[in-house]
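Breakdown of the fold
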Amino acid sequence: MHALPFVVSLACAALLAPAMLRALAAGGHTRLNYRRRALPFPFGVLTLAAALLALIPLTLLQQLTSTHVFHSEMLPIALYALGVLALGLLDDTLAPGAGPGSGEDGEGGPRGWRGHGAAALRGELSTGTLKAVGSLGLALLAMSYLGLSNGRWLLGTGVLVLATNAFNLLDLRPGRATKAFVLLGAGLTIGSTGLRALWALGLFAAPALVAGLYDLRERAMLGDTGANLLGALAGLWLVLTLSGAGQLVALVLLAGITLYGELRSISALIERTPGLRQLDSLGRPT
């Protein structure tokens with residue numbers, strides 16, 4: 001029964017995806033991808049729509065039949081996932097250079113934590129700064145519901161925030177963030193020998209995978225709405241699966257990815273690394 005949120009939200013996303021594509025395109029909500037093709041954007045809103053639609057039958061089932069459909073961690077998961085979705089959507093729609101003619105990275109606004117920090121010091125409030133501060137507040141609140149010690153609470157918060165940002169840094173080519181999420185999830189599932197964390201995240205993870213498939217095939221673009229959510233789910237998966245020592249290792253690795261992304265090009269690193277280059281291009285249209 002705990003797999004039901006994954007199954008129901010997956011079905012909702014599959015049903016809503018074609019209509020969502022048409023609605024975004026008809027409304028002029030497009031963005032140029034790295035090949036300068038105008039695609040419906042931000043397709044990460046599919047996850048929001050599908051998850052909220054799935055909540056109707058799932059909550060009715062749980063309430064009317066006294067069946068435990070949701071995992072006990074559902075509240076902090078939903079709090080962080082929905083909050084990050086809202087912050088990503090805000091960045092996608094209100095950031096400078098976020099109009100239909102802009103490119104995949106957006107144009108005209110500050111980039112990276114250094115850029116947003118410099119903007120804040122100048123007295124400017126960028127949507128990127130708001131997203132970073134908001135993610136921290138959401139992570140602190142979400143982790144407080146898990147009954148952790150203060151040290152584990154702060155450690156989990158750090159993992160959540162850095163994972164959310166790291167997946168945003170990865171989302172510069174179609175399907176890259178989704179592939180990273182799938183590989184991470186597969187590794188954590190094999191290591192923990194269980195699917196409990198996947199089912200706990202299923203309400204949001206299933207539609208995020210559907211949106212990611214459209215992103216991979218270059219039929220739409222996730223935007224920060226979708227990429228940040230994948231990062232949020234990845235961080236939650238790490239926190240729900242790993243021990244304290246494992247989370248500390250994850251925190252260091254995520255900090256390294258974040259620092260590298262601030263100083264160097266992750267895309268350039270992938271392009272010049274055999275194996276990573278082939279994996280990165282796998283599944284994309286030629």
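That block above? That's the structure.
Residues numbered from 1 in each chain as written. Predicted model: local features only at pLDDT ≥ 70, side-chain atom pairs only at ≥ 80, totals over all residues. Heavy atoms only, no water.

1. Looking at helix H2 (residues 45-65)
Going by this rule: In this description a helix means any DSSP run of H or I spanning at least four residues, a strand means any run of E spanning at least two, and both kinds are numbered starting from the N terminus. A helix is expected to span 1.5 Å for every residue after the first. A residue's bend is given by the angle between axes fitted to the 7 residues ending at it and the 7 residues starting at it. Only protein chains enter the accessibility calculation, which uses a 1.4 Å probe; a residue whose area is less than 20% of its type maximum is buried, one above 50% is exposed, and one in between is partly exposed. Pairs of residues are marked as contacts when any of their non-hydrogen atoms sit within 4.5 Å.
Helix length check: H2 (21 residues) gives 31 Å between terminal C-alpha atoms against 30 Å at 1.5 Å per residue, within 8%. Largest kink in H2: about 30°, centred on Leu55, with the proline Pro57 one to four residues after it. Of all the residues in H2, the buried ones are Val45, Leu46, Thr47, Ala50, Ala51, Ala54 and Leu58. The secondary structure elements touched by the buried residues of H2 are helix H1 (4-26), helix H3 (74-94), helix H8 (196-216) and helix H9 (223-241). One or two residues past the end of H2 sits Ser66, with phi positive at roughly 55°.

2. Re the packing of helix H7 (residues 176-192) against H8
Rule in force here: Here an axis means a line fitted to C-alpha atoms, over the contact stretch when the element is a helix, while the angle between two N-to-C directions is reported on a 0 to 180 degree scale. Here roughly perpendicular refers to angles of 65 to 115 degrees, roughly parallel to angles under 35, roughly antiparallel to angles over 145, and oblique to all remaining angles. For a crossing to be left-handed, the near helix must be turned anticlockwise from the far one by less than a right angle; the clockwise case is right-handed. Residues are grouped as follows: Ala, Val, Leu, Ile, Met, Phe, Trp, Tyr, Cys and Pro are nonpolar; Asp, Glu, Lys and Arg are charged; every other residue, Gly included, is polar.
Here H7 crosses H8 at 135°, and the two axes come no closer than 8 Å. Considering their axes alone, H7 and H8 lie oblique with respect to each other. Crossing of H7 against H8: the hand is left-handed. In this structure, H7 contributes Thr178, Lys179, Phe181 and Val182 to the contact, and H8 contributes Ala205, Leu209, Gly212 and Leu216. Taken together, the residues of the contact of H7 with H8 sort by class into five nonpolar, two polar and one charged.

3. What to know about a nonpolar patch on the surface
Convention followed: Only residues whose relative accessible area exceeds 30% and that form no salt bridge enter a patch; like-charged residues are grouped when within 9 Å of one another, and nonpolar side chains (Val, Leu, Ile, Met, Phe, Trp, Tyr) when within 5 Å. Surface accessibility in these figures is a Shrake-Rupley result with a 1.4 Å probe; residues are shielded only by whichever protein chains are displayed. Within this document, salt bridges are pairs made up of a side-chain nitrogen of Lys or Arg and a carboxyl oxygen of Asp or Glu, the two lying within 4 Å of each other.
Taken together, the side chains of Leu53, Ile56, Leu60 and Leu64 define a hydrophobic patch exposed on the protein surface, amounting to about 410 Å² of accessible area. Of note, Leu64 is situated in helix H2.

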